[in-house]
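# Architecture and fold: a report
One-letter residues, chain by chain:
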Amino acid sequence: NRWTGGVLNGTLVMNNGVNNPYFWGGTGVLTPLTAWPASTTAASLRPFKNFLVALDVTKSGTRYAHMVKWSTPAVPGAIPDSWDQNDTTKLAGERDLAEEPSLMVDQMVLGDANIIYKENSMYSMRATGGLDVFSFQRLPGSVGAIGKGCIANTPKGHVVLTHGDVVIHQGQGPKSIIDGVMRKWLFQTIDTTNRQRAFLVTNPPAKEVWVCFPELGASACTKAAVWNWDDNTWTIRTLDNVTYGATGQLDSGVTKAWSAQNYAWQDAAFAWNEDELSAAQERLLICSTAPVISAADVTGTRNGAAYTSYAERVGLTFDDASRVKVVRGLRTRVDAAIGTQIQFEIGGSMNPETPMVWSTPVTYVAGTSAYNQIDAFATGRFIGVRVTSLDNQPFRFTSYDSDFIMAGAY
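Since this is a predicted model, take the numbers as computed values, not measurements. (Residues numbered from 1 in each chain as written. Predicted model: local features only at pLDDT ≥ 70, side-chain atom pairs only at ≥ 80, totals over all residues. Heavy atoms only, no water.)

### Describing the pattern of salt bridges
Put simply, the rule reads: The rule for a salt bridge is simple: a side-chain nitrogen of Lys or Arg has to be within 4 Å of a carboxyl oxygen of Asp or Glu. Labels follow the DSSP assignment, with helices taken as runs of H or I lasting at least four residues and strands as runs of E lasting at least two, numbered in each case from the N terminus.
Evaluated as defined, the whole model comprises 14 salt bridges. One salt bridge connects Lys-207 with Asp-230, and the closest N-O pair in it is separated by 2.9 Å. One end of the pair, Lys-207, is in the loop between β17 (199-203) and β18 (208-213); the other, Asp-230, is in the loop between β19 (221-228) and β20 (233-249), with 23 residues separating them in the sequence. Linked through salt bridges whose partners overlap, the residues forming this network are Lys-59, Lys-69 and Glu-94.

So, in structure tokens, the structure goes:
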């Protein structure tokens, strides 16, 4: 089962829903959470303000599936010292949100509120400062979260993977952000048995939300539907059995020796003494079976080993999906060190449901290929372009022009 938790007053709190929650102060090992009620577990446990909030609580074998349980507030640098809702000297309490019958799933802070997600509804939890401690309000919409960790916080609001959609909201009515074709592909591709192993995570440098999920037959996440919140565009990435992801600030602490580079000084594609990791920029870390933790989009290697990467765009119609196009080549614009090898392919298909038929690959060598011209051929109503890195060198593919002619409908 997926873990929940967070950092409260500098202390890491972790919960797996099976054992008592744990905390870690930075040294030693995980310790059972102090003052947590005996014989009690919770499906989700996360910090909110100076409180810890638990959802879907089981007490001595009896499950309270709609219960929200919160601790007394913790003083700075400490964890809560009571969860006793009957102690009138404390602010700990409980509340059942049973108006809507679906089960509690997870929670995430949005501004000054804690948004509680059930399977088919959402509730806002706000501090009142009075005897009730918190107030609860059901939010508009009949949508919830598909599983734990399926919520991402962005500058534009919470992005949520629901049962059949991807939505965004700012505490008001949720709005779908995924179109019909992409939505159909996403929910037809998610493995039904392991769908609750899906999760959402942000990639701040690229302004992206990754909807990571296991494909049909997979037990870990092998694909990510990626939404850019600035451009409102979707792309698809391949993952290598990823189990979770998180963002935070990283310090590389690594000095690259010039002797370790495999290209000439004048061909370097980066600035002298450039650091790939800015101390002020959050980065995305992803976890998998091996390597356990790796940084996304930071280096051109995976666990120190080179790998082949590619990017492709399919479904190009050139503003007329009814006519056949004959593509005779591309004129590319690439920023890369001289000698960097990049492979181009052009594809075509007659229908959006049929796979692309790709041309013979053409190798482009930065700085030496004449006129940046790619001579390749493809025919179809729908055209695709695929770019593959051959020698694991950094490059930026900025744009291209297509040399094509319009033919008839068949």
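### Considerations on the state of the cysteines
Joining two cysteines, a disulfide is a covalent bond between their sulfur atoms. What counts here: Disulfide assignment relies on a single distance test, namely cysteine sulfur atoms paired within 2.5 Å. Partly exposed describes any residue whose relative accessible area lies between the buried limit of under 20% and the exposed limit of over 50%, with all areas from a 1.4 Å probe on protein chains only and scaled to the type maximum.
Applying the stated criterion to the full structure yields zero disulfides. The thiol of Cys-150 is not disulfide-bonded; the next cysteine sulfur, from Cys-221, is found 8.7 Å away. Residue Cys-150 is classed as buried on the basis of its relative accessible area, which comes to 0%. No disulfide involves Cys-287; its sulfur sits 11 Å from the nearest other cysteine sulfur, which is in Cys-212. Its relative accessible area of 25% is what places Cys-287 among the partly exposed residues.

### Points about the sheet that holds strand β22 (residues 293-295)
What counts is decided by this rule: A pair of strands is considered paired only if DSSP assigns at least 2 bridges between the two. Lines fitted to C-alpha atoms define the axes here, with helix axes fitted over just the stretch in contact, and angles between the N-to-C directions of these axes take values from 0 to 180 degrees. For this analysis, residues touch if any pair of their heavy atoms sits within 4.5 Å.
Taken in spatial order, the six strands of this open sheet run β17-β18-β19-β20-β21-β22, and their pairing is antiparallel. Every other strand in the sheet has two partners, leaving β17 and β22 as the edge strands with one partner each. Averaged over all adjacent pairs, the angle separating strand axes in this sheet is 50°, with direction ignored. Sheet topology note: the β20/strand β21 (residues 282-288) ladder contains seven bridges and is antiparallel. Residue pairing for β21: Thr-247 is matched across the bridge by Leu-284. With respect to the sheet, helix α1 (residues 180-189) is in contact with β18, β19 and β20, its orientation differing from that of β20 by roughly 60°.

### Considerations on the pairing of β17
The buried fraction of β17 amounts to five of the five residues, a majority that puts the element mostly inside the structure. The alternating pattern of β17 places Phe-199, Val-201 and Asn-203 and Leu-200 and Thr-202 on opposite faces, both of which are buried. Strand direction decides the pairing type here: β17 and β18, joined by five bridges, are antiparallel. Across the sheet, the residue bridging to Thr-202 is Val-209, located in β18. Between β17 and β18, which pair antiparallel one after the other, the connecting turn spans four residues, and Lys-207 there sits at a positive phi close to 55°.

### So, α1
Heads up, the rule is: The arc in question is the one traced by the directions running from the helix axis out to the C-beta atoms.
Of all the residues in α1, the buried ones are Met-182, Leu-186 and Thr-189. End-on, the buried residues of α1 take up no more than an arc of 80°, which puts them together on one face. Facing away from the buried side of α1, by more than 90 degrees, are the exposed residues Val-181, Lys-184 and Gln-188. In this structure, the buried residues of α1 make contact with β14 (157-161), β15 (166-169), β18, β19 and β20.

### Concerning the side chain of Asn-228
Note the cut-off: Under the rule applied, a polar contact is a pair of N or O atoms within 3.5 Å (in protein, one hydrogen donor and one hydrogen acceptor; residues adjacent in sequence only if both atoms are side-chain atoms).
Here Asn-228 lies in strand β19. Polar contacts involving the side chain of Asn-228 include one to the main-chain carbonyl oxygen of Ala-206, which spans 3.1 Å. Filtering out sequence-adjacent residues up to four positions away, Asn-228 remains in contact with Ala-206, Lys-207, Glu-208 and Thr-233.

### Brief notes about the pairing of strand β26 (residues 325-336)
Bridge count between β26 and strand β31 (residues 378-380): three bridges; the pairing is antiparallel. In the strand pairing of β31, Val-327 is matched with Ala-378. Two strands pair when backbone bridges link them, and β26 and strand β33 (residues 395-406) are joined in this way by 11 bridges, in the antiparallel orientation. Looking at β33, one finds that Val-326 is bridged to Ile-405. As judged from the two bridges shared by β26 and strand β30 (residues 373-374), these two strands associate in the antiparallel manner. Looking at the pairing, Leu-330 lines up with Ile-374 of β30.

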